[in-house]
Amino acid sequence: VPAPAPPQAEDERPCVVCMAAEPTNLCVPCGHQCLCAGCVQVYDPVAKGCPICREPVAQVVRVLRP
């Protein structure tokens, strides 16, 4: 039986909607950085809530990496 894969750090996980692109958008106030630029437009977390914890989202902030 193969060993389970080690958990990924949050900054290494892909977008929770498309599971392919880098999540560059953060839900406020919960702080989950879980949506890529394309999926934030399609999913609309302000209307639907955070896709991870389902908490209400006041705004979505794009996160820029150095």
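None of the values given here were measured: they were computed from a predicted structure.

Draft legend 1. Examining the overall build of the protein chain more closely. From N to C terminus, the protein chain includes 2 helices and 3 strands. Counting the 66 residues in the protein chain, one finds 26% classified as buried. Per element, the accessible surface of the protein chain, about 4,600 Å² overall, is 58% carbon and sulfur.

Draft legend 2. Here's a closer look at unusual backbone geometry. Each neighbour pair has its own omega, and for Val28 with Pro29 the value is 20 degrees, a cis peptide bond. Mapped onto the elements, Pro29 comes out in the loop between strand E1 (25-28) and strand E2 (33-35). Backbone geometry places Arg54, a non-glycine residue, at a positive phi of 65 degrees. Summarising the element assignment, Arg54 is placed in the loop between helix H2 (45-48) and strand E3 (59-62).

Draft legend 3. Layout of the pattern of salt bridges. Scanning the model with the defined rule gives 1 salt bridge in all. Where Arg65 meets Glu22, a salt bridge forms, and the shortest distance between an N and an O atom there is 3.3 Å. With Arg65 in the segment after E3 and Glu22 in the segment before E1, the pair connects residues that are 43 residues apart, well separated along the chain. Judged by relative accessible area, Arg65 falls into the partly exposed class, the value being 47%.

Draft legend 4. Expanded view of the pairing of E1. Because side chains alternate across E1, one face comprises the buried residues Asn25 and Cys27, and the other comprises Leu26 and Val28, none of which is buried. Across 2 bridges, the pairing between E1 and E2 is antiparallel. Following the sheet pairing, Leu26 is matched in E2 by Gln33. As judged from the 4 bridges shared by E1 and E3, these two strands associate in the antiparallel manner. Opposite Leu26, over in E3, you have Val61 as the bridge partner.

Draft legend 5. Looking closely at a nonpolar patch on the surface. A cluster of nonpolar residues, Val16, Val17, Met19 and Ile52, forms a patch on the protein surface that exposes about 330 Å² of accessible area. Mapped onto the fold, Val16 is located in the segment before E1. Val16 sits in the partly exposed class, given a relative accessible area of 33%.

Cut-offs used in this document
Here the residue numbering is sequential within each chain, running from 1 through the sequence in written order. Thresholds applied to this predicted model are a pLDDT of at least 70 for local features of residues and 80 or more for the giving and counting of side-chain atom pairs; totals over whole chains, interfaces and linings are not thresholded and use all residues. With hydrogens and water set aside, each side-chain value is computed from the structure's full complement of heavy atoms. Helix and strand labels come from DSSP, where a helix needs a run of H or I of at least four residues and a strand needs a run of E of at least two; each type is numbered from the N terminus. The cut-offs for exposure are 20% and 50% of the maximum accessible area for each residue type, with area from a 1.4 Å probe on protein chains only; residues under the lower value are buried, those over the upper are exposed, and the others partly exposed. Methods summary: accessible areas were calculated by the Shrake-Rupley approach with a probe of 1.4 Å, and residue burial reflects only the protein chains presented. Salt bridge, as applied in this entry: a Lys or Arg side-chain nitrogen positioned within 4 Å of an Asp or Glu carboxyl oxygen. A strand pair is defined by DSSP finding two or more bridges across the two strands. Here, patches come from residues exposed beyond 30% relative accessible area and free of salt bridges, joined within 9 Å for like charges and within 5 Å for nonpolar side chains (Val, Leu, Ile, Met, Phe, Trp, Tyr).

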